[in-house]
Amino acid sequence: MQQPYQHEESASGPTRILVVDDDPTVAEVVAGYLDRAGYLVDRADDGPTALDRAAAHWPDLVVLDLMLPGMDGLEVCRRMRGQGPVPVIMLTARGDEDDRILGLEVGADDYVTKPFSPRELVLRVESVLRRSRPATTGARLGAAGLTVDPAARRAAKNDTELALTLREFDLLSYFLRHPGRAFSREDLMREVWGWDFGDLSTVTVHVRRLRGKVEDDPARPRLIQTVWGVGYRFDPTGSAGEESGS
């Protein structure tokens, strides 16, 4: 039997993951796989307990069920993000696209729909963690008043720091590295998310969220333009795009 991937520990110790799910069977299976992969796992079965656990030991990543008693996963995600940056993988019990989009709208970096393969979840955790680590190299990027420092994982607009999620930061960095080029959503899913498959609405939602933070008028985007029949293009000149829609 193939052994689970063993990740590298950070300089400060093993990577800590908080698993939040009110289903004890799901929580036990997820925690078991993550533990065998070498992660330090904390568990919580409701929102308030999750916030308490996070306050006591800030996690490097949260695996968060959307449907929780008392306080749902969306509110837990909002409150955690209000305390500090942390990657979040949302677990959704239903295949309803609205649930997935809600999770992405509040800043989840990825999602997995139940029932899911625990091994796939471990791979997704590693993918998100790998992309959340500061780059050891990489020149600063800048255009149209936007600046990105890959090593510090900081971004700013006109010298005002932007509060970007992990995926928003990666998406902006990718656009800045490739000005003027049109990319399909499949291209962005592969290059930014690192996946050759997935729900392309994830890209659409993240583009919309990023526009809300970098555009002067998100309803009429001039920097991140829609290229009909293709996808999206970053235009540092801010000239009128083909269409301001999704």
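Residues numbered from 1 in each chain as written. Predicted model: local features only at pLDDT ≥ 70, side-chain atom pairs only at ≥ 80, totals over all residues. Heavy atoms only, no water.

Asks: Describe the overall build of the chain, and please don't skip the residues or the numbers.
Replies: On a plain count of helices and strands, the chain comes out with eight helices and 12 strands. The proportion of buried residues among the 246 residues of the chain is 50%. Across the chain, every contact between residues at least 6 apart in sequence was considered, and the portion connecting residues at least 24 apart equals 57%. Counting every atom, the chain has about 11900 Å² of accessible surface; 49% of that belongs to carbon and sulfur. (Helix = DSSP H or I, 4+ residues; strand = E, 2+ residues; numbered from the N terminus. Buried < 20%, exposed > 50% of the residue type's maximum accessible area, 1.4 Å probe, protein only. Contact = heavy atoms within 4.5 Å. Areas by Shrake-Rupley, 256 points an atom, 1.4 Å probe, with all protein chains shown as cover.)

Asks: Before we move on, can you summarise unusual backbone geometry with the specific residues and values?
Replies: In most cases, non-glycine residues show a negative phi, while peptide bonds are predominantly trans. Cis geometry marks the peptide bond from Lys114 to Pro115, where omega comes out at -5°. Mapped onto the fold, Pro115 is located in the loop between β5 (110–113) and α5 (118–132). Here the phi dihedral of Ala144 falls at roughly 55°; this positive angle occurs in a residue that is not glycine. By the secondary structure assignment, Ala144 is in the loop between β6 (141–143) and β7 (146–149). Using a relative accessible area of 39% as the deciding quantity, one classes Ala144 as partly exposed. Phi angles above zero are rare outside glycine, and Asp159 is one such case at about 70°. Looking at the secondary structure, you find Asp159 in the loop between β8 (154–157) and β9 (160–161).

Asks: Before we move on, can you summarise the pattern of salt bridges with the specific residues and values?
Replies: Overall, the coordinates contain 17 salt bridges when judged by the stated rule. Among the ionic pairs, Lys114 bridges to Asp21, the shortest N-O distance being 2.9 Å. Here Lys114 is found in the loop between β5 and α5, whereas its partner Asp21 is found in the loop between β1 (16–20) and α1 (24–36), with 93 residues between them in sequence. The exposure class assigned to Lys114 is buried, which follows from its relative accessible area of 19%. Assessed through its relative accessible area of 2%, Asp21 is described here as buried. (Salt bridge = Lys/Arg side-chain N within 4 Å of Asp/Glu carboxyl O.)

Asks: Explain the sheet that holds strand β10 (residues 182–184) residue by residue, including any values.
Replies: The strand order across the open sheet built from three strands is β10-β12-β11, with neighbouring strands paired in antiparallel fashion. Both outer strands of the open sheet, β10 and β11 (224–227), are each paired with one neighbouring strand and no more. Neighbour-to-neighbour, the strand axes of the sheet open up by a mean angle of 35°, direction not taken into account. As paired strands, β11 and strand β12 (residues 231–234) are joined by four bridges and run antiparallel to one another. Bridge assignment links Ile224 to a residue of β12, and that residue is Phe234. Its contacts with the sheet place helix α7 (residues 185–193) against β10 and β12, and it is angled at close to 85° to β10. (Pairing = 2+ DSSP bridges. Axes fitted to C-alpha atoms, helices over the stretch in contact; angles between N-to-C directions.)

Asks: Go over helix α6 (residues 166–177) with me, naming the residues and quoting the values.
Replies: Here α6 spans 17 Å end to end across 12 residues, near enough to the 16 Å set by a 1.5 Å rise per residue. Within α6, 11 of the 12 residues are buried, which leaves the element mostly enclosed by the surrounding structure. For α6, the set of buried residues is Leu166, Arg167, Glu168, Phe169, Asp170, Leu171, Leu172, Ser173, Tyr174, Phe175 and Leu176. (Expected span 1.5 Å × (residues − 1).)

Function cannot be read off these values alone, since they describe shape.
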